[in-house]
Amino acid sequence: MGKPVFTMRHYNRIWDVLSGCIETHKEYSANSDLDDGIEVGMNVIHAELGSMFKMDNPNFSLDKWELTSST
């Protein structure tokens, strides 16, 4: 396996962006089914990125990547 493409600074910045998007969406959503679907979609993207990062770098911590309960 070669050198990982992503580093912790990438993981941290992407986590910040995704968690911020989810929080902003929760704050401004109208709580409709469409809004719930958007939030689910953002969470799926987050999970898929975590899986990709783990494949790229075996030292990547999925535990640290998890969203907090407030996100």
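Residues numbered from 1 in each chain as written. Predicted model: local features only at pLDDT ≥ 70, side-chain atom pairs only at ≥ 80, totals over all residues. Heavy atoms only, no water.

Colleague: How should the environment of His 46 be read in this particular structure?
Modeller: Residue placement: His 46 occurs in helix 2 (residues 33-56). Relative accessible area serves as the criterion here: at 6%, His 46 is assigned to the buried category. As for His 46 and Trp 65, which are separated by 19 residues in sequence, their C-alpha atoms are 8.7 Å apart. Apart from the residues within four sequence positions on either side, His 46 is in contact with Trp 15, Leu 18, Trp 65, Glu 66 and Leu 67. (Helix = DSSP H or I, 4+ residues; strand = E, 2+ residues; numbered from the N terminus. Buried < 20%, exposed > 50% of the residue type's maximum accessible area, 1.4 Å probe, protein only. Contact = heavy atoms within 4.5 Å.)

Colleague: What am I meant to see in the environment of Asp 63 here?
Modeller: Checked against the element boundaries, Asp 63 lands in helix 3 (residues 62-65). On a C-alpha basis, the gap between Asp 63 and Gly 50 in space is 9.7 Å, while along the polypeptide they are 13 residues apart.

Colleague: Before we go on, may I ask you to explain the packing of aromatic side chains in this structure?
Modeller: Think of a pair of aromatic rings as described by two things: how far the centres are apart, and how the planes are tilted against each other in angle. Throughout the structure, instances matching the rule amount to six aromatic pairs. Here Tyr 11 and Phe 53 contribute two aromatic rings whose centre-to-centre distance is 4.9 Å and whose plane-to-plane angle is 50°, an arrangement assigned as tilted. Taken together, the residues Tyr 11 in helix 1 (residues 8-28) and Phe 53 in helix 2 connect sequence positions 42 residues apart. Each member of the pair, Tyr 11 as well as Phe 53, carries the same accessibility label: buried. Site record: aromatic cluster; members linked through ring pairs are Phe 6, Tyr 11, Phe 53, Phe 60 and Trp 65. (Phe/Tyr/Trp six-rings, centres within 6.5 Å; stacked < 30°, edge-to-face > 60°.)

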